[in-house]
Amino acid sequence: DQVSEFLVRATDKDKSIRRPALTFLAALDDPRISEFLVKRTRRSVASEQRHEAIFTMGVRANAKVLTRLHELLKAKDLKTRVHAAVATGKVGMADSISHLEKALKREKQDRVRSHLLRALVATCEDVATLEKNLGSVMKRRAELDLVVALYLVSNLDTTPALKKAIKRLLTNSNKNVR
């Protein structure tokens, strides 16, 4: 059948064959696809193909892959964590909130934290949760953290606590943040 044919193409070493196959599969609703994508995120798979599978999980926005995406938020590889955060945000399910918060607390890399924060804002509608996480990121001194937090805050209804955090940033010594 057609799904089986495209699953084979999606493992091809040639990305010009593999990527269109993944794009085609992302649009279908077949349980074999989620299972295939989860298998393609194993460490034994080449990193480029692993990252493509993670990206496709986000495009499919299927809850069946959430458990694996949550696991990938803990990966040793920075790029894998970034892709997992982006995909989790695209799936946008409330089940991810606690996983994103935990990942945000333990993450050392500002690049990954910025994607985790974006995913949290895309996933969470609870103002108190967003305020708590945005506030904690705004207390950090990494420029990327501050710029991303400010951008995200600008798209939310501002509470008194967030306004206070923003005022603190206005006196930041980094001109790119100010």
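Residues numbered from 1 in each chain as written. Predicted model: local features only at pLDDT ≥ 70, side-chain atom pairs only at ≥ 80, totals over all residues. Heavy atoms only, no water.

Draft legend 1. Local environment of the overall build of the protein. Secondary structure summary: the protein contains eleven helices and zero strands in total. Mapped from its N terminus to its C terminus, the protein presents α and β elements in the order α-α-α-α-α-α-α-α-α-α-α. Counting over 178 residues, the protein shows a buried share of 46%. Partitioning the intrachain contacts of the protein with sequence separation of at least 6 by distance along the chain shows that 60% fall at a separation of at least 24. (Helix = DSSP H or I, 4+ residues; strand = E, 2+ residues; numbered from the N terminus. Buried < 20%, exposed > 50% of the residue type's maximum accessible area, 1.4 Å probe, protein only. Contact = heavy atoms within 4.5 Å.)

Draft legend 2. The arrangement of empty space enclosed by the protein in detail. Summed over the entire model, instances satisfying the criterion amount to one cavity of 30 Å³ or more. As a volume, the largest cavity reaches approximately 30 Å³. In terms of lining, the largest cavity is formed by A10, R18, L22, F36, R40, Q49, E52 and A53. Looking at the lining of the largest cavity, the elements that each hand over two or more residues are α2 (15-26) and α4 (47-60). The element that contributes the greatest number of residues to the lining of the largest cavity is α4, accounting for three residues. Taken together, the residues of the lining of the largest cavity sort by class into four nonpolar, one polar and three charged. (1 Å grid on protein atoms, 1.4 Å probe; cavity = no way out; pocket = protein on both sides within 12 Å on 5 of 7 lines; lining within 4 Å. Points joined across faces, edges and corners; volume = space filled by probe spheres on them. Nonpolar A, V, L, I, M, F, W, Y, C, P; charged D, E, K, R; others polar.)

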